[in-house]
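Residue-level listing of the chains:
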Amino acid sequence: ETIIIDTETKQYPVYIASGALQELGPLVRKYTRCMVITDQNVRPLHLDKLLSQLPESAEQCVLTVPAGEDAKTFEVYQEALTFAVEHHLDRKSCILAFGGGAVGDLAGFVAATYMRGIAFIQIPTTILAHDSAVGGKVAINHPLGKNLVGAFYQPEFVLYDTDFLRTLPKKQLLSGFAELVKHALLSDKEFLKELQTKIPDGGHLLSPHLPDLLKKGIKVKADIVRKDEKETGVRAFLNFGHTLGHALEAHGGFGKITHGEAVMTGIVYALLISREQTGLQFDLPQFLSWIETLGYDWKIPAGAAFDEIYAYMKRDKKTIAGNIHFVLLESVGKPVLAEVDKDRLSRLFLLQQKGDL
Ligand code: NAD
Ligand code: ZN
């Protein structure tokens, strides 16, 4: 199936299916050369399958970077540019990201900046990448903060072969699935219900229904990105669960806790705040028992002190004039951006830390 992503700067397709990789050949024929960026984990598992779809010469043009956030550094970024120069990539060449969100973010930033921008192609291999590969945000990290150096740069297309997901470790399945839950909560009750029915527990994360559910998630994101490519308005809703999520990630040190696990904890926090502040009607106990069966630990880690986390939350990009803004839900499918006062934040934080909901 093809989903069209429409932005002000570009329109491009997301092809998603089991076996979609077979469509790659004709799609890259027009480029003088393709540089593949992949990581240490994906390479041994899947690189051969990718290369079998590319011209033989592609084998010489594969850069393997460290897995995870270690790929998104200035050093690796420079190494990738050097590799591109040495392999004679020109303006008609392309950069192909083959891996999860970290590889996609790095490769996209390389593509956006090499020779002021060359073609970029996303071949995601994680559940999380149903989110990160769509929408055109690309970035590397600065030692002082995540994703601080980046661009909005849309790919030519995204080719999402869901067969790659089968080798993901459980932790990575959960990390990506949290973004899917986020998309459902931002969309409508029926989508959430469908997720809960089709993925009832952690043993079913790789259900045959997953590709269809991911399509729905991508459509939710596509709808929001269409309205607001550069995040001046509604795109901020995609940060649902991320204010606390990012703070927990930063506090724990990037890479210790997965992005999605931190976001799921943040989603629970945002739901708790919403119940008090917007009057959200939501069966929280039922939701919590579902995510527990999936394998999430939604309690705020005992080692996280509110004042420290609060300081991190204040650095959030949604903070305006020192006031922390949260994405809350008025109802499922109806997000709003709202200021939340510190007393409420601290009281609910302690409640969620005790697990006493
Ligand atoms: P990731 O690339 O770090 O992948 C997670 C782990 O899974 C890595 O260890 C990777 O080697 C491994 N892996 C990938 N594919 C695999 C497969 N098929 N089988 C087995 N192992 C595999 O990152 P992610 O979790 O996909 O995404 C997180 C990153 O995405 C973060 O850097 C985050 O900032 C970024 N992100 C970007 C956006 C965006 O809009 N650009 C949105 C959300 C997250
Ligand atoms: Zn996220």
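Residues numbered from 1 in each chain as written. Chains lettered and ligands numbered in written order. Predicted model: local features only at pLDDT ≥ 70, side-chain atom pairs only at ≥ 80, totals over all residues.

A few points about the overall build of the protein
For the record, the criterion: Only DSSP runs of H or I with at least four residues qualify as helices, and only runs of E with at least two residues qualify as strands; both kinds are numbered from the N terminus onward. The atom set for the radius of gyration is the C-alpha atoms, and the globule formula is 2.2 Å times the number of residues raised to the power 0.38. Counting other C-beta atoms within 10 Å of its own, a residue is labelled buried from 20 upward, exposed at 12 or fewer, and partly exposed in the gap between, with every C-beta atom placed from the backbone. Residue pairs are scored as contacts if the distance between their C-beta atoms, which are placed from the backbone, is within 7 Å.
When its secondary structure is counted, the protein shows 13 helices and eleven strands. The C-alpha radius of gyration computed for the protein amounts to 20 Å, which stays within 12% of the reference 21 Å derived for 357 residues, consistent with globular compactness. The C-alpha extent of the protein, read off along each of the three principal axes, is 60 × 40 × 35 Å. Every one of the 357 residues in the protein was classed for burial, and the buried ones make up 45%. Across the protein, every contact between residues at least 6 apart in sequence was considered, and the portion connecting residues at least 24 apart equals 76%.

Focus: the nonpolar core
For clarity, the cut-off: Defined on buried residues, the nonpolar core groups Ala, Val, Leu, Ile, Met, Phe, Trp, Tyr and Cys residues joined through C-beta atoms within 7 Å. Boundaries of every domain are those given by an automatic assignment or by a domain database.
Membership of the largest hydrophobic core comes to 108 residues, with the highest contact counts inside it found for M35, I37, I95, L96 and L106. It is helix α10 (residues 259-277) that provides the largest number of residues to this core, a total of ten residues. The residues that make up this core include at least three from each of domain 1 (2-166) and domain 2 (173-354). Apart from residues lying up to four places away in sequence, M35 is in contact with C61, L63, F83, A84, H87, L89, S93, I95 and L96.

Observations regarding the site of ligand 1
Definition in use: A residue counts as near a molecule or strand when its C-beta atom, positioned from the backbone, falls within 6 Å of it. Ten residue types, Ala, Val, Leu, Ile, Met, Phe, Trp, Tyr, Cys and Pro, are classed as nonpolar, four, Asp, Glu, Lys and Arg, as charged, and the remainder, Gly among them, as polar.
N41, G100, G101, A102 and S132 are the nearest of the 29 residues found near ligand 1. Residue assignment for the shell around ligand 1 shows that the elements contributing at least two residues are α2 (42-51), α4 (101-113), α5 (129-132) and α6 (170-187). In terms of residue count, the dominant contributor to the shell around ligand 1 is α4 (four residues). Looking at side-chain class alone, the shell around ligand 1 contains nine nonpolar, 14 polar and six charged residues.

Things to note about the packing of helix α3 (residues 74-86) against α4
When two helices pack together, their arrangement is captured by the angle between the axes and the distance separating the axes. Using the following cut-off: The angle between two axes is taken between their N-to-C directions and runs from 0 to 180 degrees, where each axis is a line fitted to C-alpha atoms and a helix contributes only its stretch in contact. Roughly parallel covers angles under 35 degrees, roughly antiparallel covers those over 145, roughly perpendicular covers 65 to 115, and oblique covers all other angles. Here a crossing is called left-handed whenever its near helix is offset anticlockwise from the far helix by less than a right angle, and right-handed whenever the offset is clockwise.
Here α3 crosses α4 at 50°, and the two axes come no closer than 10 Å. One finds that α3 runs oblique with respect to α4. For the crossing formed where α3 meets α4, the hand is right-handed. Of the residues in α4, those touching α3 at V76, Y77, A80, L81 and A84 are L106, F109 and V110. Looking at side-chain class alone, the contact of α3 with α4 contains eight nonpolar, no polar and no charged residues.

A closer look at the domain arrangement of the protein
Here the protein is described as being made up of domain 1 (2-166) and domain 2 (173-354). Residue-level contacts link 25 residues of domain 1 with 24 residues of domain 2. Of the residues that constitute the side of domain 1 that touches domain 2, the class distribution is ten nonpolar, nine polar and six charged.

Description of the pairing of strand β9 (residues 157-161)
In plain terms, the rule: The criterion for strand pairing is that DSSP finds at least two bridges linking the strands in question.
Of all five residues that make up β9, five are buried, and the element is covered over most of its length. Burial along β9 is two-sided: the face carrying F157, L159 and D161 and the face carrying V158 and Y160 are both buried. Sheet topology note: the strand β2 (residues 11-17)/β9 ladder contains four bridges and is parallel. Within the sheet, the bridge partner assigned to I16 lies in β9 and is Y160.

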